[in-house]
Amino acid sequence: MTVASSEPIIAHMERNFMQSEVHRQHELMDRSGLGLLPGIAIAFAIVLAIMAALVIQEWWVTFAVLGALFAVTGAVVWVILKLLGDED
């Protein structure tokens, strides 16, 4: 096999890989409804509201905010890992 004859094979393999990767991403978005963006946007809004509670300047609010931030971050990471792990 010469170098010139292997180029079309490599191009074909790359094209197949890209098509399968795009198909896999579409399946992931289909399984998650509208994709991950709406859920991440809601989580971001919740985090902003929680962070606004820091204006109260009480010591217990700071711990509550930190706990809520870790909980929201953990929930987002958990959802992403579960969606990526379900690629049977």
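Residues numbered from 1 in each chain as written. Predicted model: local features only at pLDDT ≥ 70, side-chain atom pairs only at ≥ 80, totals over all residues. Heavy atoms only, no water.

## Things to note about the overall build of the chain
So, step 1. The secondary structure content of the chain amounts to three helices and zero strands.
So, step 2. The helix and strand sequence of the chain, counted from the amino end, reads α-α-α.
So, step 3. Within the chain, the proportion of its 88 residues that are buried is 11%.
So, step 4. If you sum the accessible surface of the chain, you get close to 7100 Å²; carbon and sulfur atoms cover 73% of it. (Helix = DSSP H or I, 4+ residues; strand = E, 2+ residues; numbered from the N terminus. Buried < 20%, exposed > 50% of the residue type's maximum accessible area, 1.4 Å probe, protein only. Areas by Shrake-Rupley, 256 points an atom, 1.4 Å probe, with all protein chains shown as cover.)

## Remarks on the environment of L66
So, step 1. Looking at the element boundaries, L66 is found in helix α3 (residues 59-85).
So, step 2. With 15 residues separating them in the primary sequence, L66 and M51 have C-alpha atoms 8.8 Å apart.

## Points about α3
So, step 1. Between its terminal C-alpha atoms α3 stretches 39 Å, which fits the 39 Å expected from 27 residues at 1.5 Å a residue.
So, step 2. Inspection of α3 places V61, V65, V72 and L83 among the buried residues, and these make up the whole buried set. (Expected span 1.5 Å × (residues − 1).)

## Examining helix α2 (residues 37-52)
So, step 1. Spanning 16 residues, α2 covers 23 Å between terminal C-alpha atoms, matching the ideal 22 Å at 1.5 Å per step.
So, step 2. Residues of α2 that are buried sit in contact with α3. (Contact = heavy atoms within 4.5 Å.)

## Regarding the packing of α2 against α3
So, step 1. Running from amino to carboxyl end, α2 crosses α3 at an angle of 175°, the nearest separation of the two axes being 10 Å. For the element pair α2 / α3, the angle class is roughly antiparallel. When α2 is examined against α3, the residues I40, A43, I46, V47, I50 and M51 are found in contact with a partner set consisting of V65, A68, L69, V72 and V76.
So, step 2. Grouping the amino acids of the contact of α2 with α3 by side-chain chemistry returns 11 nonpolar, no polar and no charged. (Axes fitted to C-alpha atoms, helices over the stretch in contact; angles between N-to-C directions. Parallel < 35°, antiparallel > 145°, perpendicular 65-115°, else oblique. Nonpolar A, V, L, I, M, F, W, Y, C, P; charged D, E, K, R; others polar.)

## Section: the packing of aromatic side chains
So, step 1. Taken as a whole and assessed by the stated rule, the structure comprises one aromatic pair.
So, step 2. On the basis of an interplanar angle of 70° and a centroid distance of 6.1 Å, the ring pair of W59 and F63 is categorised as edge-to-face. Taken together, the residues W59 and F63, both in helix α3 and four residues apart, mark about one turn of the helix. Across the pair, F63 and W59 agree in class, each one exposed. (Phe/Tyr/Trp six-rings, centres within 6.5 Å; stacked < 30°, edge-to-face > 60°.)

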